[in-house]
Amino acid sequence: MFKNYLLSAIRNMAKNKFYSALNIIGLTIGLVTFILIFLYVRDEITYDQHHKNYERIYRIESSFRIGTKYDNFAIVPFPMAPALQLEFPEVENVVRFAGEDNLLVRIGDKEYYENRFYYTDSTVFDVFNHSLLAGSLDRCLAEPNTIVLTNSSAKKYFGNENPIGRIVLVDNDMQFKVTAVVADVLENSHLKFDALMSVATLAHRPGGEDFNSMEPDRFWNIGLYAYVLLNPNSNIESIFEKFPQFYEKYMKSLGDQLNASFDLKATRLDKVHLTSKLAADLPTGNIAYIKIFSIVALFILLLASINYMNMATARATKRAKEVGLRKVIGADRYQLIIQFISEALLLTFIAYLLSLLITSMLLADFNTLSGKAFTFNGIATPDFLLLIFGISVIIGIISGSYPAFYLSSFSPLKVLKGHAGKSGKASHWLRRGLVLIQFFIAIVMIIATIVVSDQLDFLKNKDLGFDKNNTVVLEMQDTSFRKQAVAFKEHLLQNPSIVSACNSSGVPSRNLWIQVMLVEQENEMKEMAVILTQCDYDYPKTMEFKFVEGRDFDKNMGTDDTAAVIINQTAAKQFGWGADAIGKKINYGMELDRSGGRIMKVIGVVKDYNFNSLHNKIEPIIMFISPRPRFLMTVRYKEGEKNQALEYIEQSWKEFGNKRPFDYKMLSEMQEESYGAEQRISTLFLIIASITLFIALLGLLGLSSFTAESRTREIGIRKVNGALTGDIMLLLFREFFWLILISFVFAVPVAIWQITNWMESSFVYYTQIHWYSVAISGLVALIIGLATISFHVVRAASANPVESLKYE
Amino acid sequence: MIKSVDLTRIFLTEEVETTALRQVTFDIKQGEFVAIMGPSGCGKSTLLNIIGLLDNPTKGKYIFLDHDVTNSSERQRAKLRKQNIGFVFQNFNLIDELTVFENVEMPLIYLGIPTKERKQRVEEVLEQMQISHRKKHFPGQLSGGQQQRVAVARAVVSNPKLILADEPTGNLDSANGEEVMNLLSDLNRKGTTIIMVTHSQRDAEYSHRIIRLFDGQILVENFQSN
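Numbers given for residues are sequential positions, taken from 1 along each chain in its written order. Chain A is the first chain written and ligand 1 is the first ligand written, with later ones labelled in order. Where totals are concerned, whole chains, interfaces and linings use all residues; where local detail is concerned, this predicted model gives features only for residues with pLDDT of at least 70, and gives and counts side-chain atom pairs only at 80 or more. The side-chain figures draw on all heavy atoms in the structure; neither hydrogens nor water molecules are used.

(A) Quick look at the overall build of chain B. Per the secondary structure count, chain B includes 7 helices and 10 strands. On C-alpha atoms alone, chain B measures out to a radius of gyration of 17 Å, which is about the 17 Å that the 2.2 N^0.38 rule sets for 226 residues. In terms of overall dimensions, chain B has a C-alpha envelope of 45 × 35 × 35 Å along the principal axes. Each residue gets one of three labels from its accessible area relative to the maximum for its type: buried under 20%, exposed over 50%, partly exposed in between, using a 1.4 Å probe on protein chains only. Counting all 226 residues of chain B, 54% fall into the buried class. Contacts were defined at the residue level, with two residues in contact if any of their heavy atoms lie within 4.5 Å. In chain B, 66% of the contacts between residues at least 6 apart in sequence involve partners at least 24 apart. Here chain B has roughly 10400 Å² of accessible surface; of this, 47% comes from carbon and sulfur atoms. Once the 27 positive and 28 negative side-chain charges of chain B are each reduced to a mean point, those two points are 6 Å apart. Counting from the N terminus, the helices are DSSP H or I runs at least four residues long and the strands are E runs at least two residues long. The quantity called the radius of gyration is restricted to C-alpha atoms. Its globule counterpart is 2.2 Å times the number of residues to the power 0.38. Each accessible area is a Shrake-Rupley estimate made with a 1.4 Å probe; only the visible protein chains count as cover when residues are assessed. Charge counting treats Lys and Arg as positive and Asp and Glu as negative, with His and both chain ends excluded. Just so you know, the charge point we use is NZ for Lys, CZ for Arg, CG for Asp and CD for Glu.

(B) Inspection of the sheet that holds strand E8 (residues 193-197) of chain B at higher detail. Residues and elements named next belong to chain B. Spatially, the 6 strands line up as an open sheet ordered E6-E7-E8-E3-E9-E10, and their pairing is mixed. In this open sheet, the two edge strands, each paired with only one partner strand, are strand E6 (85-89) and strand E10 (217-223). Along the sheet, successive strands turn relative to each other by an average axial angle of 15°, direction set aside. What makes two strands pair is DSSP finding at least two bridges between them. When strand E9 (residues 209-214) meets E10, the two strands line up antiparallel, connected through 6 bridges. Looking at E10, one finds that arginine 209 is bridged to phenylalanine 223. Here an axis means a line fitted to C-alpha atoms, over the contact stretch when the element is a helix, while the angle between two N-to-C directions is reported on a 0 to 180 degree scale. The strands touched by helix H6 (residues 174-189) are strand E3 (33-37), strand E7 (162-166) and E8; relative to E8, the strand with the most contacts, the crossing angle is about 150°.

(C) Inspection of the nonpolar core at higher detail. All names here are of chain A. What we call a nonpolar core is a set of buried Ala, Val, Leu, Ile, Met, Phe, Trp, Tyr and Cys residues that are connected through their side-chain atoms within 4.5 Å. Counting residues in each nonpolar core, the largest one holds 123 residues, and the members touching the most others are Phe293, Phe439, Tyr539, Phe553, Tyr609 and Met623. If one sorts the elements of this core by residue count, helix H15 (residues 425-461) sits on top with 16 residues. Sequence-distant contacts of methionine 623, that is, excluding residues within four places in its chain, are made with Thr533, Cys535, Tyr539, Pro540, Phe545, Phe553, Val565, Ile566, Val606 and Tyr609. Membership of the second largest hydrophobic core comes to 78 residues, among which are Leu141, Ala154, Val178 and Leu254.

(D) Summary view of helix H21 (residues 642-655) of chain A. Residues and elements named next belong to chain A. Here H21 spans 20 Å end to end across 14 residues, near enough to the 20 Å set by a 1.5 Å rise per residue. Those residues of H21 that fall on the buried side of the exposure criterion are Ala645, Leu646, Tyr648, Ile649, Ser652 and Trp653. Along the long axis of H21, the arc covered by the buried residues comes to 165°, so they all point the same way. Along H21, exposed side chains directed more than 90 degrees from the buried face belong to Asn643, Glu647 and Lys654. Positive phi appears at glycine 657, one or two residues downstream of H21, with a value of about 70°. In a helix, the anticipated span is given by 1.5 Å times the number of residues less one. This arc corresponds to the set of directions leading from the helix axis out to the C-beta atoms.

(E) Representation of the confidence of the model for chain B in the model. Looking at any residue, its pLDDT shows the predictor's confidence there, from 0 to 100. For chain B, the mean per-residue pLDDT works out to 87, and 99% of the residues sit at or above 70. For this predicted complex, the interface confidence reaches an ipTM of 0.81, while the overall pTM sits at 0.74.

(F) How the structure looks around the interface of chain B and chain A. In this assembly, 22 residues from chain B lie in contact with 18 residues from chain A. Buried area: the sum, over both parts, of the accessible surface (1.4 Å probe) that disappears when the two are put together. Each partner contributes to the roughly 1800 Å² buried at the junction of chain B and chain A, and carbon and sulfur atoms together form 55% of this total. Together, Leu54, Asn93 and Tyr110 of chain B form the three largest contributors to the area buried by chain B at its contact with chain A, with a combined 29%. One side-chain nitrogen of Lys or Arg within 4 Å of one carboxyl oxygen of Asp or Glu is enough to make a salt bridge. Seen at the junction of chain B and chain A, the total is 0 salt bridges. Pairs of N or O atoms are called polar contacts if they sit within 3.5 Å, as long as, within protein, a hydrogen donor faces a hydrogen acceptor (for residues adjacent in sequence, only side-chain-to-side-chain pairs). Summed over the shared surface of chain B and chain A, the number is 5 residue pairs in polar contact (both at pLDDT 80 or more). Those elements giving two or more residues to the side of chain B that touches chain A turn out to be helix H2 (74-84), E6 and helix H3 (100-110) of chain B. Among the elements that take part in the side of chain B that touches chain A, H2 of chain B stands out by supplying 6 residues, more than any other.

(G) View of the side chain of lysine 44 of chain B. Residue and element names in this part refer to chain B. Position of lysine 44 relative to the elements: it lies in helix H1 (residues 44-51). At 4.7 Å, glutamate 167 is the nearest oppositely charged side chain to lysine 44, a buried residue that forms no salt bridge. Among the polar contacts made by the side chain of lysine 44, one reaches the main-chain carbonyl oxygen of glycine 38 at a distance of 2.9 Å. Apart from residues lying up to four places away in sequence, lysine 44 is in contact with Ile36, Met37, Gly38, Pro39, Glu167, Val197, Thr198, His199 and Leu213.

(H) The arrangement of the packing of helix H2 (residues 17-45) of chain A against helix H11 (residues 333-370) of chain A in detail. All names here are of chain A. The N-to-C vectors of H2 and H11 enclose an angle of 45°; their axes lie 7 Å apart at closest approach. The angle between H2 and H11 places the two elements in the oblique class. Crossing angle aside, the handedness with which H2 passes H11 is right-handed. Split into classes, the residues belonging to the contact of H2 with H11 amount to 18 nonpolar, 7 polar and no charged. Throughout this description, any angle smaller than 35 degrees is read as roughly parallel, any larger than 145 degrees as roughly antiparallel, any in the 65 to 115 degree range as roughly perpendicular, and the remainder as oblique. The hand of a helix crossing depends on one turn: near helix anticlockwise from the far one by less than a right angle means left-handed, and clockwise means right-handed. Throughout this entry, Asp, Glu, Lys and Arg are counted as charged residues, while Ala, Val, Leu, Ile, Met, Phe, Trp, Tyr, Cys and Pro are counted as nonpolar. The remaining residues, Gly among them, count as polar.

(I) Focus on the pairing of E6 of chain B. Of all 5 residues making up E6 of chain B, 5 are buried, and the element is well covered by its neighbours. The two faces of E6 of chain B match: Ile85, Phe87 and Phe89 of chain B on one face and Gly86 and Val88 of chain B on the other face are all buried.

(J) Here's a closer look at the pattern of salt bridges. The final tally for this structure, using the stated rule, is 43 salt bridges over all chains. The partner of lysine 3 of chain B in a salt bridge is aspartate 27 of chain B, and the shortest N-O contact between them spans 3.8 Å. Taken together, the residues span a long stretch of sequence, with lysine 3 of chain B in strand E1 (residues 2-12) and aspartate 27 of chain B in strand E2 (residues 17-28) at a distance of 24 residues. The exposure class of lysine 3 of chain B is partly exposed, given its relative accessible area of 41%. The shortest N-O distance in the salt bridge between glutamate 123 of chain B and lysine 135 of chain B comes to 3.0 Å. Remark: lysine 135 of chain B occurs in the loop between helix H4 (115-128) and helix H5 (144-156) and glutamate 123 of chain B occurs in helix H4; sequence separation between them is 12 residues. Through salt bridges that share partners, Arg432, Arg711, Glu714, Arg718 and Glu735 of chain A make up one connected network.

Rendered as structure tokens:
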């Protein structure tokens, strides 16, 4: 029996090549999209679950109040983790990771810049699971100047030689001995490292005591990631409950003096990636996107199933006779249902095989797009194949069942007399409804794509309050080079291609310095935590800040280097100064008892500039002259003379004996880096919108072919009664025109509502949705839709009516 | 009105070549009522299709209202057709989704006649066919005789010079068949030329002339004297 079903299914498929192809293509695209999104989502939601104890590991985090300012950080005070272990029996073990940025690593005469090196406690492998490839994990980070490499780092530095015992030179003056090599950190780990250096090393260096000292002031300085492993029967809440006593003991006295307080937060290891929204965090995922993509994956599957149902019922007329015959010779309804479902299953099975093939071909591009590292061998596990197979079967059954029940319901008598099998009004409307849903989804996606890309343009082109173009930023890590910053800058300015240069502790898009200072209020000076930039005289000029009040720094004033401060508009507003900011006092760098410090008066107010990405609101920021050279040198060159300028800068860099290789960043790129996620989303939306539109078009193609077929007689009658080919085309187009128009009318409010939600939650500054973006998406859907059906419409409309009327 | 010289129509399919008409020559004058008779497959419908400008002859010459339409384009034929010819079919060929009124109105729409005038003319012709009480019904709700009256109404609503009827009574009982034939005779008396394909000798009696076809050729033409 089964053989008969299969045979009949295969023959049917072969006979209706056009429909079968449309269905298989649609289902395959649906499945491929589903598989890729599934892989992505599964990867995102299983972050860090490969650590055996992940349910007992928490990352501890900071919640600070300074004055009236609240801030949450992913990093904690240096001694927090060991102190927790000391005080709370619930804590079985702790480990800390202190990251080093842009570290210069030398192996022999080869140089590398590394960003994923961490100083780590020796307990790291007791808390986390990393498989050992060489050396020994036992005490591998206990001694000073020891380092553990990942497999890739070891290969990069030492090739195929044995790395154990070899020396890694860091920052020109620290030697580390390799004690172990572990497997590369899995991609779905929120904290990825290339090497771990022993914390003990730091004890021998200035500032090293930070790590182990439990003096009160060490608790008010945050700087590292820390994880606690709880005992099997403990929970994090009991630590939170008892934390006030801990605070009392270690932190309160100093906190009160600072007018500050601290609270401990924690996130379970596997939740960090998707839920954390803290300052100073490692790159995290975005749960909103996970939700969007999951929904999209389901929708695309739904669209592909709809296509199948649509075309299968549309072909009912043609199948009716077969159904009648089978019934007459003894098939019961149940057998027919099985038969039609097996046809659907055959198609989905073919689509399943094709989708695996296509997925494997697309995987590399998908990795580039998603930033993941899937391999086909990695994903083609029996579980996974079975799961996707299961889903294919479910799609087959769902999409096969409606046509099956519908077709099998025909009465044999009527069918054979030629009366039944004309698809009724109900199924006609159902089909239109299904196509309507497809276009609804496609149009929502098109609108989303256009608006996301508008938003991206907006982010890149908005007036930020400073000029990000024609500007390069140099990092001066080499301390002996940094000491010559003034001379270096003078040297740079001698080149005609260079317009101006400045030295500062931060630039827009890189401003992390927050400090408590005293700010003048009505009757008193009050503590406030304020973001600041220490800079030289040329910083506001080089950045091209616009002054709304007062003046720029001026060497001729004599005292600007110690007694002047420039603030932004938001600072003037939030400090309660309004339009009278000029002359107000800020005391920076005072002692805990409020003595000493540098008392400065406001000399100028600059127009607010976006020193963070447009995801964030503009906050108060102040800038004043630094007593010594700072980390960053910003150089503005003449428009169009970038190459000459860079060449000169590099040459000067070497002349001044910088021990680091020349490296620079464009200020505009630094600014746009924050929009990487949006850039990716924009590309993804474009792809997904194309896929949904394409599947909807397949549906439309099927429907139009069916319409053309089922209306052949009507078209013939109309032509005999005087309709010209053009009249008929208009008649057929009109039906689809309305379908698409109605989808559009429903899609617009939904799209606008969803997109507005997304933009409001993700950005403080966002573009409005332009009416023409919406109109364009409608037009795109309409034009592509009508173009798709035109083949069948033209064919049907130009057919000779004699043919169609003869068949009656 | 109609002049055909050596009309030949050959149908080509992948495997066979069928000659449906062989060198058929005849004239039909304005105001005539002509019946075309013959056994199944003799080429009656093919001839009617060519006369009705739905099909082109393979060879020969066809002149319709002084236009040589032998090789005219579909567009030109459609234009001549909608201004001059009304069709009545054996199986009525009404559009199921349109009401009686809308079915009858259709040719006028394609002639570009204004709404108001359309309404008036449809009402008139429905009245004339005694079907106006059913104008809001759909074809499926009517008897065969009523459906054929609607089809005739549709054929005459545009005041065509020529009505082509392909077995107009074939699907009707004798009472209804007679009624339709009387309608056609009436129209003929008022000046409309009628060409009718039929199997029925009784229906053929209504005509002035019978053209008998056999194997694609005119066998005989009988002039009647009624």
